[in-house]
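Reading the structure
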Amino acid sequence: MCFTSRSTAIRLRRLAIALRILCVTALVAIFPFGASAQSPDLQALDLEGLMNLRVTSVSKREQSLSRTGAAVFVITQDDIRRSGMNNIPDLLRMAPGVEVARINAHTWAISVRGFNDRYSNKVLVLVDGRTIFDPAFSGVYWDEQSLPLEDIERIEIIRGPGGTVWGANAVNGVINIITKNTKDTLGGLISVSTGSTDSATGVMQFGGTAGTKGAYRVYGRSFRVENSRYGDGRQAADGWHGSQAGFRSDWNLSARDKLTVQGDISGTSEGQTITTLFSNRLPEEYTLNDKVRVGVGNLLGRWNHIFSDGSDSTLQVYYDRVRRFDAGMEVRNTGDFDFQYHFHEGSRNDVVVGAGYRLVDESVTGGYAISFGSGNQRSNLLSTFIQDEVKLTNSLSLTIGSKFEHNVYTGFEYEPSVQLVWTPTDRQTVWASASKAIQQPAWDYANSRLDYAAFPVSGGGFAVYQVIGTSGIKAAQLIDYELGYRTSLSRRLAFDATGFLSNYRRLQTLEPRTPYYTLVPGPPHLVIPNVWENLGQARTYGLEMTMHLEVTNRWRLNPGFTYLQTQYSLDKSSHDPFLGSASGNSPKRQAQLQSTMNLPHRLEWDATAFYVGSLRSGPVPSYVRLDTRLGWMVGESVEISIAGQNLLSPRHPEFLNTYQVAPTSAERSVIGKVTWHF
């Protein structure tokens, strides 16, 4: 009890320190010391502009953020630049409802509204409309998602299902990373950063025009992240380095036609310490430093056409190839075709229809303790959708639609939704929605075998706990209900709140089968097989709130708060021992307080305090993270900044419930950065 009280007191002191730093920062902004040139207003963060941001992720067409019938949060390029963050996972910490937990120097557990895990499979992530999840487990390897942060225009985050337009696996959310048009990146860019955990990161980029109708950019990026440390201070073996190159070109072919062609190629090498069985050396368990090598390449083309009647169409095609050596080898080739048509039917109906086809060719060579059937699979996904926004009155609109899909695992699936949006005044929006979404089964659930653990049995010998895929696995389903409210209370204050109730069925469970003895592979041992089935249910409910407050023309505060409650249950026939513990991977409460300000002499001072509640799995105690950044614009082309992260403690754990991989601690760090535009 004394230890708990002492830990709580320490966390409270850290939170108090964070708030004091924010207050001191505010005083400096309001009462600058000494004579100075006039500091510019926060025009990039104007509240009216923020509420009228055009977003595309909710319905695959542009609409005002303030009028959407979904819980949407946008991280803008200015947010990215002033955050001091140097990778995409850390940027996502700014969004309420998103759970970001660092596992080691290159591995994260990221989810939305619960179910967090390294292999989280209920959030769909896209880069410029290109799906980046791995079909082997329906989740994202975040170490493969590396691009210059300077080229990101915005990150649109939908909390809640987006299956009606995006399809399978857009269950708890959609994260859409949208890069800049090349007309906004003309000229040269050199950016170099270094710090206590990053030995070096460098970006070189050049953009130019191609005749009178086109523009382009090409870039190269290289980075190195040093080994981090365990909680006791020992150095780990999780260093990470890599390089990347890419291009994008945008063409105004005519007044009605636009074409985008872009591509990237990257290679990384990283280390990890794993503890695993070797299926051919049972029953010994080995701990070793394992090398991971990843090669990724993609090519995307997108054509937009506006018809004479004002309707428009988009055709997008991409090819993606991944080669990953990680406790085995995975080679994946993906080809994707997507077409959509947007038109108005009369004066009241705004309709979007679309169709798509995706072909995935995978080969996996099992390693250590896991194998995938024959090791080869070709799967396809055929889909179509329709969504209609009906303007019932000048202030009331109804949006209905559904996605229809056919996949190789479960056949035909559908994902309908309905949204009602009421705008009683220009400054207020009330919305409600009901949606269904599915989580498509992955190859891991359908056709894998994993020797999970070995242990001695009475009378001598040993047993192996084995997890086996099954072709009879079904798609997990979500029925979700949400209610939201947005308002601009004044020119300087905006508020957004969402409440949700989500019911899940057919969640994956591990069901034991009859044990048996085997001689292959030797020596003789008992096998305890467990097969994937769909005998789990869950209910989650919660509240998400954000606020934007312009204290002065130089200073803005953005507080946010999230509450999440999760309840699991099993069918009477289930004997799964693990599902109920999954709720321990997500915090019940999270909070952020972001302060952004312009100081005299073209200085910027930004600070963010994050509170993350405790995790029962691990367990992981709650923590407060404080980040701050001081930036200085030198002339019109050079920016110098220094950022501190995790400033309140030397190190702390964020996620400990990981299979095989040894987790390390998030460390205090200082990063200096110089960016030159020319």
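Just so you know, these numbers come straight off a predicted model, no measurement behind them. (Residues numbered from 1 in each chain as written. Predicted model: local features only at pLDDT ≥ 70, side-chain atom pairs only at ≥ 80, totals over all residues. Heavy atoms only, no water.)

1. Topic: the overall build of the protein chain
Which entries qualify depends on this criterion: The secondary structure listing takes helices from DSSP runs of H or I that are at least 4 residues long and strands from runs of E that are at least 2 residues long, numbered from the N terminus. Taken over C-alpha atoms, the radius of gyration is set against a globule rule of 2.2 Å times the number of residues to the power 0.38. Classification of residues uses two cut-offs on accessible area relative to the type maximum, computed with a 1.4 Å probe and protein chains only: under 20% is buried, over 50% is exposed, and between them is partly exposed. Surface exposure here means Shrake-Rupley accessible area, sampled with a 1.4 Å probe, where a residue is shielded only by the protein chains that are shown. Charged-residue counts in this description rest on Lys and Arg as positive and Asp and Glu as negative, His and the chain ends being excluded. For this purpose, a charge sits on NZ of Lys, CZ of Arg, CG of Asp or CD of Glu.
Of regular secondary structure, the protein chain possesses 6 helices and 37 strands. Taken against the 2.2 N^0.38 rule, which gives 26 Å for 678 residues, the C-alpha radius of gyration of the protein chain at 25 Å falls within 12% of a compact globule. In terms of overall dimensions, the protein chain has a C-alpha envelope of 85 × 60 × 50 Å along the principal axes. Each of the 678 residues in the protein chain was classed as buried or not, and the buried ones make up 56%. Accessible surface computed for the protein chain: about 28300 Å², of which carbon and sulfur atoms make up 59%. Both charge centroids of the protein chain, one from 66 positive and one from 64 negative side chains, sit 4 Å from each other.

2. Here we look at the pairing of strand 20 (residues 376-391)
Defined as follows: Pairing between strands requires that DSSP locate at least two bridges from one strand to the other.
Here 15 bridges tie strand 18 (residues 349-366) to strand 20, and the two strands are oriented antiparallel to one another. Pairing of arginine 358 across the sheet is with leucine 381, part of strand 20. Both strand 20 and strand 21 (residues 396-407) contribute to a ladder of 11 bridges, which runs antiparallel. Note that in strand 21 the partner of serine 383 across the bridge is glutamate 405. Taking the residues between adjacent antiparallel strands as the criterion, strand 20 and strand 21 are bridged by 4 residues.

3. What to know about the side chain of glutamine 508
Our working rule: Any two residues having at least one pair of non-hydrogen atoms within 4.5 Å are treated as being in contact.
By the secondary structure assignment, glutamine 508 is in strand 27 (residues 493-512). We classify glutamine 508 as buried; its relative accessible area is 10%. Setting aside residues no more than four positions away along its own chain, glutamine 508 makes contact with Gln439, Tyr445, Ile473, Lys474, Ala476, Trp532, Glu533, Asn534 and Leu579.

4. Topic: the pattern of salt bridges
So the rule is basically this: What makes a salt bridge here is a side-chain nitrogen of Lys or Arg within 4 Å of a carboxyl oxygen of Asp or Glu, nothing more.
The full count for this structure, using the stated rule, is 39 salt bridges. Taken together, the salt bridges that share partners define one network made up of Asp78, Arg81, Arg82, Glu604, Asp606, Arg629 and Glu639.

5. Quick word on the pairing of strand 9 (residues 173-179)
The buried fraction of strand 9 amounts to 7 of the 7 residues, a majority that puts the element mostly inside the structure. Residues Gly173, Ile175, Ile177 and Thr179 line one face of strand 9 and the alternating positions Val174, Asn176 and Ile178 line the opposite face, and both faces are buried. Direction of pairing for strand 6 (residues 123-127) relative to strand 9: parallel, over a ladder of 5 bridges. If you follow leucine 126 over to strand 9, its bridge partner there is asparagine 176. Examined bridge by bridge, strand 8 (residues 152-159) and strand 9 share 7 bridges and lie antiparallel to one another. Bridging across to strand 9, isoleucine 158 finds its partner in valine 174.

6. Examining unusual backbone geometry
In this structure, the amide linkage connecting valine 520 to the following residue, proline 521, adopts the cis form with an omega of -10°. Within the fold, proline 521 resides in the loop between strand 28 (516-518) and strand 29 (525-552). Here the amide bond leading from glycine 522 into proline 523 is cis, since omega sits at 0°, within 30 degrees of zero. Mapped onto the elements, proline 523 comes out in the loop between strand 28 and strand 29. Unusually for a residue other than glycine, tyrosine 368 sits at a positive phi of about 60°. Note that tyrosine 368 resides in the loop between strand 18 and strand 19 (370-371). Note on tyrosine 368: relative accessible area 25%, which makes it partly exposed.

7. Points about the packing of aromatic side chains
Let me state the cut-off plainly: Aromatic rings from Phe, Tyr and Trp, with only the six-membered ring used for Trp, were paired whenever their centres fell within 6.5 Å, and each pair was classed as stacked if the ring planes differed by under 30 degrees, edge-to-face if by over 60, and tilted otherwise. Lysine and arginine charges are scored as sitting over a ring when NZ or CZ, respectively, is within 6 Å of the ring centre and within 35 degrees of the ring normal.
Evaluation of the coordinates by the stated rule reveals 18 aromatic pairs. Ring geometry for tyrosine 341 versus phenylalanine 343: centroids 5.1 Å apart, planes at 25°, classification stacked. Ring geometry for phenylalanine 372 against tryptophan 443: centres 5.2 Å apart, planes inclined by 55°, an arrangement best described as tilted. Here phenylalanine 372 is found in the loop between strand 19 and strand 20, whereas its partner tryptophan 443 is found in helix 6 (residues 443-446), with 71 residues between them in sequence. Summarising the burial analysis for this pair, phenylalanine 372 and tryptophan 443 share the class buried. Linked through ring pairs, Tyr452, Tyr465, Phe578 and Tyr659 together constitute an aromatic cluster. When the ring centre of tryptophan 166 is taken as reference, the NZ or CZ atom of lysine 60 above it lies at 4.6 Å. Over the face of the ring belonging to phenylalanine 278 we find arginine 281, whose NZ or CZ atom lies 5.3 Å from the ring centre.

8. Some details on the sheet that holds strand 9
Taking strand neighbours across the sheet as the criterion, the 5 strands line up as 3-8-9-6-7 in an open arrangement whose pairing is mixed. Since the sheet does not close on itself, it has two edges, and those belong to strand 3 (71-76) and strand 7 (130-131), each with one partner.

9. Digging into the confidence of the model for the protein chain
Applied cut-off: Scored from 0 to 100, pLDDT records how confident the predictor is in each individual residue.
Averaged over all residues, the pLDDT of the protein chain is 90; the fraction at 70 or higher stands at 92%. Taken as a whole, residues 1-43 scores under 50 in pLDDT and shows 51 contacts with residues more than four places along the chain or in a different chain.

10. Here we look at the environment of serine 371
Relative to the elements of secondary structure, serine 371 occurs in strand 19. The spacing of serine 371 and asparagine 447 is 76 residues in sequence and 8.6 Å in space, taken between C-alpha atoms. Discounting residues that sit within four places of it in the chain, serine 371 has contacts with Gly366, Asn447, Ser448 and Arg449.

11. As for the side chain of serine 249
Put simply, the test is: In protein, a polar contact requires one atom able to donate a hydrogen and another able to accept it; more generally it is a pair of N or O atoms within 3.5 Å, and residues adjacent in sequence count only if both atoms are side-chain atoms.
Structurally, serine 249 is set in strand 13 (residues 240-252). Taking the relative accessible area as the measure of exposure, serine 249 reaches 10% and is therefore buried. In terms of polar contacts, serine 249 uses its side chain to reach the side chain of tryptophan 251, at 3.1 Å.

12. Details of the nonpolar core
Under the convention used in this document: Buried Ala, Val, Leu, Ile, Met, Phe, Trp, Tyr and Cys residues that are joined via side-chain atoms within 4.5 Å together make up what is termed a nonpolar core.
Leu92, Val98, Trp142, Ile152, Ile155, Ile157 and Ile175 are the most contacted members of the largest nonpolar core, which totals 48 residues. Broken down by element, this core gets its largest block of residues, 5 residues, from strand 6. Beyond its immediate stretch of four places on either side in the chain, leucine 92 contacts Ile75, Val98, Val100, Ile110, Trp142, Ile155, Ile157 and Ile175.

13. Section: the environment of lysine 122
Note that lysine 122 resides in the loop between strand 5 (107-112) and strand 6. Its relative accessible area of 6% is what places lysine 122 among the buried residues. If near-sequence neighbours (up to four positions away) are discounted, lysine 122 is found in contact with Phe115, Asn169, Val171, Asn172, Gly173, Gln439, Tyr504 and Leu507.

14. Structural notes on the environment of serine 111
Inspection of the secondary structure assignment puts serine 111 in strand 5. With relative accessibility at 1%, the residue serine 111 sits in the buried group. Within the structure, the side chain of serine 111 is placed 2.6 Å from the backbone oxygen of glycine 114, a separation counted as a polar contact.

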